[in-house]
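This is what each chain is made of:
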Amino acid sequence: LSPWDAGRDPFDMAHWGLQDVLQVDSPYVEDVSGNKKLNLKFDCSRFKPEEITVKAIDRNLTVHAKHEESGPDKRMYREFTRSYVLPENVDPSKLTSSLSSDGVLCIEAPAPKDVPTRRERLIPTEHLAIQ
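Residues numbered from 1 in each chain as written. Predicted model: local features only at pLDDT ≥ 70, side-chain atom pairs only at ≥ 80, totals over all residues. Heavy atoms only, no water.

### Focus on the pattern of salt bridges
Thinking step 1. Throughout the structure, instances matching the rule amount to three salt bridges.
Thinking step 2. Among the ionic pairs, lysine 66 bridges to glutamate 68, the shortest N-O distance being 3.6 Å.
Thinking step 3. Judged by its relative accessible area of 47%, glutamate 68 is partly exposed. (Salt bridge = Lys/Arg side-chain N within 4 Å of Asp/Glu carboxyl O. Buried < 20%, exposed > 50% of the residue type's maximum accessible area, 1.4 Å probe, protein only.)

### Focus: the confidence of the model for the protein chain
Thinking step 1. Looking at the protein chain as a whole, its pLDDT mean stands at 77, while 68% of the residues score no less than 70.
Thinking step 2. Contacts of residues 1-19 to residues separated by more than four positions or lying in other chains number 25 contacts, the stretch itself having pLDDT below 50. (pLDDT = per-residue confidence, 0-100. Contact = heavy atoms within 4.5 Å.)

### Regarding the sheet that holds strand S8 (residues 104-110)
Thinking step 1. Spatially, four strands are ordered S2-S3-S8-S7 in an open sheet, and the strand pairing comes out antiparallel. In the strand order of this sheet, the two ends are held by strand S2 (28-30) and strand S7 (96-99), each with one partner. The sheet shows a mean angle of 35° between the axes of neighbouring strands, direction not considered.
Thinking step 2. Examined bridge by bridge, S7 and S8 share four bridges and lie antiparallel to one another. (Pairing = 2+ DSSP bridges. Helix = DSSP H or I, 4+ residues; strand = E, 2+ residues; numbered from the N terminus. Axes fitted to C-alpha atoms, helices over the stretch in contact; angles between N-to-C directions.)

### Brief notes about the environment of phenylalanine 47
Thinking step 1. Structurally, phenylalanine 47 is set in the loop between strand S3 (36-43) and strand S4 (52-57).
Thinking step 2. By relative accessible area, phenylalanine 47 is classed as buried at 10%.

### Regarding the UniProt feature "binding site: Zn(2+)" (unreviewed entry) in the protein chain
Thinking step 1. When the UniProt feature table is mapped onto this chain, "binding site: Zn(2+)" (unreviewed entry) is found at His67 and Glu69.
Thinking step 2. Topologically, histidine 67 is positioned in strand S5 (residues 60-70).
Thinking step 3. Residue contacts for histidine 67: discarding those within four places in its chain leaves Phe47, Glu51, Met76, Tyr77 and Arg78.
Thinking step 4. Side chain to side chain, histidine 67 and glutamate 69 meet in a polar contact 2.8 Å long.
Thinking step 5. Within the element layout of this structure, glutamate 69 appears in strand S5.
Thinking step 6. Relative accessible area serves as the criterion here: at 30%, glutamate 69 is assigned to the partly exposed category. (UniProt positions renumbered as here; feature names shortened; annotations may be inferred. Polar contact = N/O pair within 3.5 Å; in protein donor to acceptor, adjacent residues only side chain to side chain.)

### What about the pairing of S8?
Thinking step 1. As defined by bridge partners, S3 adjoins S8 across seven bridges and the pair is classed as antiparallel. Bridging from a neighbouring strand, lysine 41 pairs with cysteine 106 of S8.
Thinking step 2. Counted along the chain from S7 to the antiparallel partner S8, the turn is four residues long, and its residue glycine 103 has a positive phi close to 90°.

Shown next as structure tokens:
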């Protein structure tokens, strides 16, 4: 079957079996108590909890979700894989994952004490006159 026949979105590269590497500029958040933690979120709303697998091999975190459905008049197949290389100072054994009722998969781990707090700074833009 082609991706068109299998109920796949043909423009979603994950459905072609290609693995996406998640790029996160700042994976750390600070909770209301001031504690920092690694916090990654994935939209898994199109999958049942038993169709989602989260695993870490060394520092490589992988989220895989796969849904197959068939009936007399249809066949549906949906799949994605996302990978993320954990920062060196995050202990993979401390990872936890939770799935919200609206399908958001949240993966967290305590951040080491040496993670700097993200600071925002406004950078002025110089406007050059056209001559």
